[in-house]
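Descriptive analysis of the structure
Take a look at the letters that make up each chain.
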Amino acid sequence: MIEVKNVTKKYGSTIAVDNISFKIKEGEIVGLLGPNGAGKSTTMNMLTGYIETTEGQIIIAGNDISKKPKKAKAQIGYMPEGVPLYSDLTVKEFVTYMAELKKVDRKTRKEKVEKIIEQTGLKEVEKKLTRNLSRGYKQRVSMAGALVGEPKILILDEPTVGLDPKQITEIRALIKELGKTHTVILSSHILSEVSQICNKVIIINKGKIIAEDTPENLEKKVSGNNNTYLTVEDPENKMETIKEKITQIKDVKLVKENEDGTKQYILESDKDVDLRKIIFTELAKENITIFEMKNEDITLEDAFMKLIEGGKK
Ligand code: ADP
Ligand code: MG
């Protein structure tokens, strides 16, 4: 459905998107996940044909977006970042106006506008001016705008930013519902959000794709370890070989050497393994004295940040 091949976008000397490639199949709900400035909006703007690529190729439903922009764009409904303000129009006038812009057939226009208003839960506010709506409703109006023209693909840039928790739940439910009949690409900087809505996640950082997987696999990858922080006195340097003695330890990292001669380590184990008990008994046998020991609970968000800081695929 969508094919991005070696796409790069430069703004002067800034490389906003750096040689990315990915494919999206029909019916997938894909999350573009990354911190601010990662290149999410730039990528989406290129997918919609709103800006040109510096290098590379984008194919939408068989149409190269630079060669057949009309055909390619007809497949796409785009909800840009933030909420545009068409303040002097009512909800219904706005959606109708969008339908005119997208050249929806005059004969069916009214009925299609009504269907979209229904679908996006805007019926009760259709006569209100968009500028008087809550942020959550404004987001829905923006979503309605993207749905006009019955595009097969929806591109939603940070659809839940600025919403309160209740509105977030509602918008996510709406996206999931739309996902049944559309191919959806949404961007977010929140891992838990993407894993709730999407069946595929592409993590982007500093313009590069650093991971691409199902949310389940990514969560495993990033939160698959349990870290135990350990400060010890180890005169015989036996920590270096402790991994061979305690098989549950996956990795031993020396964090720092303190002035008093003690050393601080991070021991990694599988997520459901608590090393503390075995460490306590085994280290005593090795003549290693424990000064401090604590387990670190990694949240998904911490793990995501680590993955980003870690950088590479
Ligand atoms: P995200 O949406 O992930 O927050 P963006 O795609 O907006 O990231 O931005 C990626 C990078 O490109 C940032 O470093 C940003 O400053 C830069 N950038 C985005 N748009 C422009 C522009 N029009 N001119 C110059 N630099 C830009
Ligand atoms: Mg953005």
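First, a word on what this report is: a plain description of the structure on this page. These numbers were taken from a predicted model, which means no experiment stands behind them.

As for the packing of helix α3 (residues 91-101) against helix α4 (residues 106-119)
Between two packed helices, the angle of one axis relative to the other and the distance separating the axes together describe the packing. In the contact formed by α3 and α4, the axes pass within 10 Å of each other and the chain directions differ by 125 degrees. Classified by the angle their axes make, α3 and α4 are oblique. Crossing angle aside, the handedness with which α3 passes α4 is right-handed. Of the residues in α4, those touching α3 at K92, V95, T96, A99 and E100 are R109, V113, E114, I116 and I117.

Re the layout of surface pockets
Roughly 900 Å³ of volume is contained in the largest pocket. Forming the boundary of the largest pocket are 28 residues, of which K73, I76, Y78, M98 and K102 lie nearest the centre. Elements supplying a minimum of two residues to the lining of the largest pocket: α1 (40-47), α2 (69-74), β6 (76-79), α3 and α5 (135-147). The residue inventory of the lining of the largest pocket, partitioned by class, reads 16 nonpolar, 6 polar and 6 charged.

Points about unusual backbone geometry
Residues other than glycine seldom take positive phi values, yet E158 does so here, at roughly 45 degrees. Within the fold, E158 resides in the loop between β7 (153-156) and α6 (165-179). Residue E158 is classed as buried on the basis of its relative accessible area of 7%.

Points about the packing of α5 against α6
Taken N-terminus to C-terminus, the directions of α5 and α6 make an angle of 15 degrees; their axes are 10 Å apart at the nearest point. The angle between α5 and α6 places the two elements in the roughly parallel class. The handedness of the crossing between α5 and α6 is right-handed. In this structure, α5 uses R135, G136, Q139, R140, M143 and L147 to contact α6, whose residues at the interface are Q167, E170, I171, L174, I175 and L178. Split into classes, the residues belonging to the contact of α5 with α6 amount to 6 nonpolar, 3 polar and 3 charged.

Remarks on the coordination of the magnesium ion (ligand 2)
Angles between donor atoms at a metal ideally measure 109.5 degrees for a four-coordinate tetrahedral arrangement and either 90 or 180 degrees for a six-coordinate octahedral one. In this structure, S41 (OG) and E81 (OE) serve as the protein donors to the magnesium ion (ligand 2), at separations of 2.0 to 2.5 Å. You can see S41 sitting in helix α1 and its partner E81 sitting in the loop between β6 and α3, a full 40 residues away along the chain.

Points about the pattern of salt bridges
Inspection of every chain in the model, using the stated rule, returns 22 salt bridges. Here K208 and D18 are joined by a salt bridge, their closest N and O atoms 3.0 Å apart. Separated by 190 residues along the polypeptide, K208 in strand β10 (residues 208-213) and D18 in strand β2 (residues 14-24) bring together distant segments of the chain. Note on K208: relative accessible area 44%, which makes it partly exposed. Among the charged side chains, a salt-bridge network with shared partners connects E236, K238, K245 and E286.

Notes on the site of ligand 1
As a matter of local geometry, ligand 1 sits amid Y11, A16, P35, N36, G37, A38, G39, K40, S41 and T42. At a separation of 2.9 Å, an oxygen atom of ligand 1 approaches a polar backbone atom of S41. Contact with the protein chains removes 59% of the 560 Å² of surface that ligand 1 exposes when unbound. The biggest single contributor to the shell around ligand 1 is α1, with 3 residues.

Reading guide: rules and limits
Residues numbered from 1 in each chain as written. Chains lettered and ligands numbered in written order. Predicted model: local features only at pLDDT ≥ 70, side-chain atom pairs only at ≥ 80, totals over all residues. Heavy atoms only, no water. Axes fitted to C-alpha atoms, helices over the stretch in contact; angles between N-to-C directions. Helix = DSSP H or I, 4+ residues; strand = E, 2+ residues; numbered from the N terminus. Parallel < 35°, antiparallel > 145°, perpendicular 65-115°, else oblique. Left-handed = near helix turned anticlockwise from the far one by under 90°. Contact = heavy atoms within 4.5 Å. 1 Å grid on protein atoms, 1.4 Å probe; cavity = no way out; pocket = protein on both sides within 12 Å on 5 of 7 lines; lining within 4 Å. Points joined across faces, edges and corners; volume = space filled by probe spheres on them. Nonpolar A, V, L, I, M, F, W, Y, C, P; charged D, E, K, R; others polar. Buried < 20%, exposed > 50% of the residue type's maximum accessible area, 1.4 Å probe, protein only. Donors = N, O, S within 2.8 Å, 3.2 Å for Na, K, Ca; no water. Salt bridge = Lys/Arg side-chain N within 4 Å of Asp/Glu carboxyl O. Near = heavy atom within 4 Å. Polar contact = N/O pair within 3.5 Å; in protein donor to acceptor, adjacent residues only side chain to side chain. Areas by Shrake-Rupley, 256 points an atom, 1.4 Å probe, with all protein chains shown as cover.

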